[in-house]
Protein chains: 2
Amino acid sequence: MKLNTKSRYAVMALADMAVFSSNNAVSLRDISLRQGISLLYLEQIFLRLKKNNIVKSVRGINGGYILVKSPKELKISDILLALDQKVKTIGCKKDSKKSCNGKSTKCITHNFWDELDIHINSFFENKKLSDLLKNREARI
Amino acid sequence: MKLNTKSRYAVMALADMAVFSSNNAVSLRDISLRQGISLLYLEQIFLRLKKNNIVKSVRGINGGYILVKSPKELKISDILLALDQKVKTIGCKKDSKKSCNGKSTKCITHNFWDELDIHINSFFENKKLSDLLKNREARI
DNA sequence: AAAAACTTGACTATTTTAGTCGGGTATATA
DNA sequence: TATATACCCGACTAAAATAGTCAAGTTTTT
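J.: What am I meant to see in the protein's contact with DNA strand C here?
T.: DNA strand C sits among 28 residues. The nearest are Ser 38 and Gln 44 of chain A together with Lys 50, Gly 64 and Tyr 65 of chain B. Those atoms of DNA strand C that come within 4 Å of the protein belong to sugar or phosphate at a rate of 67%. With respect to DNA strand C, the side chain of Ser 38 of chain A contributes an N or O atom lying 2.6 Å from a phosphate oxygen. In this structure, a phosphate oxygen belonging to DNA strand C sits 3.3 Å away from a side-chain N or O atom of Asn 62 of chain A. If you list the elements that add at least two residues to the surface near DNA strand C, you get helix H1 (5-20) and helix H3 (39-51) of chain A together with helix H2 (28-35), helix H3 (39-51), strand E1 (55-58) and strand E2 (64-67) of chain B. By residue class, the composition of the surface near DNA strand C is ten nonpolar, 13 polar and five charged.

J.: Please clarify how H3 of chain B should be interpreted in this entry.
T.: Each α-helix turn comprises 3.6 residues. Residues three or four places apart therefore point the same way. Residue and element names in this part refer to chain B. Over its 13 residues, H3 extends 18 Å from the first C-alpha to the last, a length consistent with the 18 Å expected when each residue adds 1.5 Å. All of the buried residues in H3 are Leu 42, Ile 45, Phe 46 and Leu 49. Each buried residue of H3 sits inside an arc of 100 degrees when the element is viewed along its axis, so together they form one side. With respect to the buried face of H3, the exposed residues turned more than 90 degrees away are Leu 40 and Lys 51. Next to the buried residues of H3 lie helix H1 (5-20), H2, E1, E2 and helix H4 (76-84). The N-cap residue of H3 is Ser 38: its side-chain oxygen and the backbone nitrogen of Leu 40 are 3.3 Å apart.

J.: It is not clear to me how the nonpolar core should be interpreted in this structure. Could you clarify?
T.: Soluble globular proteins tend to pack their nonpolar side chains together in the buried interior. Formed by 81 residues in total, the largest nonpolar core has its most connected members in Leu 14, Phe 46, Leu 49 and Phe 124 of chain A together with Leu 14, Phe 46 and Leu 49 of chain B. Not counting residues up to four positions away in its chain, the partners in contact with Phe 46 of chain B are Ala 13, Leu 14, Met 17, Leu 28, Ile 31, Val 55 and Tyr 65 of chain B.

J.: Please clarify how the protein's contact with DNA strand D should be interpreted in this entry.
T.: Surveying the vicinity of DNA strand D reveals 27 residues, the closest of which are Lys 50, Ser 57 and Tyr 65 of chain A together with Ser 38 and Gln 44 of chain B. In DNA strand D, the atoms that sit within 4 Å of the protein are 66% sugar and phosphate, with bases accounting for the remainder. Within the contact set of DNA strand D, a base nitrogen lies 3.3 Å away from a side-chain nitrogen or oxygen of Glu 43 of chain A. Between DNA strand D and Gly 60 of chain A, the relevant distance is 3.5 Å, taken from a sugar or linking oxygen to a main-chain nitrogen or oxygen of the residue. Those elements that provide at least two residues to the surface near DNA strand D are helix H2 (28-35), H3, strand E1 (55-58) and strand E2 (64-67) of chain A together with H1 and H3 of chain B. A per-element tally of the surface near DNA strand D places H3 of chain A first, with four residues.

J.: Honestly, the pattern of salt bridges in this entry has me stumped. Any pointers?
T.: Here the idea is simple: oppositely charged side chains can pair when their charged atoms come close. Residue and element names in this part refer to chain A. The tally for this structure, following the rule as stated, stands at ten salt bridges over all chains. Put simply, Glu 125 and Lys 75 hold a salt bridge, and the shortest N to O gap is 3.1 Å. Within this pair, whereas Glu 125 is found in helix H5 (residues 110-126), its partner Lys 75 is found in the loop between E2 and helix H4 (76-84), the two being separated by 50 residues in sequence. When its relative accessible area of 35% is taken as the criterion, Glu 125 is described as partly exposed. You can call Lys 75 partly exposed: its relative accessible area is 25%. The shortest N-O distance in the salt bridge between Lys 134 and Asp 131 comes to 2.7 Å.

J.: How do you make sense of the pairing of E2 of chain B when you look at a structure like this?
T.: In regular strands, side chains alternate between the two faces of the sheet. Residues and elements named next belong to chain B. In terms of strand pairing, E1 meets E2 through four bridges, oriented antiparallel. Directly across from Val 55, in E2, lies its bridge partner Leu 67. Joining the antiparallel neighbours E1 and E2 is a turn of five residues, in which Gly 60 adopts a positive phi near 80 degrees.

Parameters at a glance
Residues numbered from 1 in each chain as written. Chains lettered and ligands numbered in written order. Predicted model: local features only at pLDDT ≥ 70, side-chain atom pairs only at ≥ 80, totals over all residues. Heavy atoms only, no water. Near = heavy atom within 4 Å. Polar contact = N/O pair within 3.5 Å; in protein donor to acceptor, adjacent residues only side chain to side chain. Helix = DSSP H or I, 4+ residues; strand = E, 2+ residues; numbered from the N terminus. Nonpolar A, V, L, I, M, F, W, Y, C, P; charged D, E, K, R; others polar. Expected span 1.5 Å × (residues − 1). Buried < 20%, exposed > 50% of the residue type's maximum accessible area, 1.4 Å probe, protein only. Arc of directions from axis to C-beta. Contact = heavy atoms within 4.5 Å. Core = buried A, V, L, I, M, F, W, Y, C linked by side-chain atoms within 4.5 Å. Salt bridge = Lys/Arg side-chain N within 4 Å of Asp/Glu carboxyl O. Pairing = 2+ DSSP bridges.

See the structure below:
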C-alpha cells in the first residue's frame, strides 16, 4: 500500500513553501532545486493544486505560487483530495460498482474496510501542514 | 492509496473460513463460490498464506485449508505481511535507498510519513480476524 | 482407479504510474 | 519594448505493477 508520488511530492512541495515563502511567491524552480523534484513534474502537480484552490499563482518574472490558506489552516486531506480526487482509499473488490461479492448483501469484510478508511482519513483530516514543520531536526 | 486485491481477497477468504469451517478443512472451491473470487487466483493467494504459516493444507478428497491460529489470535497484520512482504507503507520518495531528497538529512516530510505508517499499522496490528465477524449484518 | 483438491512456476493482458515534451501565455524589469 | 522568467496545459510514453490464467503436475480418499 502506498500513496502515489504526486501526493507525496505535493505535500513535500507545500511544506517547502511554508518554510521558504516570506510573503513572496515561491517559484517551482526553487522548490525543484531544494527538494530534488523534477520541475516538469512539479508543474503538473501545481496545476492541480491550483485548480483545487490550494495555491494561487503569480505569473511573470519573480512569479511563483502562494498558499491560499495559512499552513495552520491547511489540512493534509485537502492536499490529497486535490491530487487523488478521492478520499475513499480501499474497497472490498476492484469493481465495486456492483456489490462487493456480486450478491445483494455487503460482503464479510465490507465494514472492516470502511473502518480502516475512517481511521486513515481522520489522520489526514487532523494534520495540518504546519504540523509537519514542528520539531523537525531535518532542514533542507 | 489502496491495498492490492491479493491482500483484500486474502482477508475475505480467511474470514469466510472462520465462518464456515466447523473443524473441517475448507476447500478453495467452496470459498470461490461463496465469495465470488476466481479459484485459480485463490490458489495463488493460499500458496503464500501457507508458506507464511497462516493456514495449513489437507490434500485429497475432502481436503482444503485450515487456519493455523484461531480467528481470535490471528492478526490482520499477519495476513497482510504474508502477501505484501512489507508492513512499511509509505515513504517520502520512490527511490528511498538514497536519502529522501538526495541530501544527507531527512526531508521535511520524513517524520510525517513515519507517523502515518505507525498509525496505519497499529490498526492492522490490533485487529483480529474475529473482529471482522462481530456485529456484521451482512451474511454471505 | 478415479475424482477431488492442493502445488507450482510461468505466462500475459491490462492498467497505472511516473515523468517528459512541446508549444504556448503573462508580466516585471532593464 | 525586448526579453527572460515563470506559469499553463494537453498529449504522450516507457516502465512497472496488477490481476488473473494456464498447464502440468502430486496427494489422498473412497
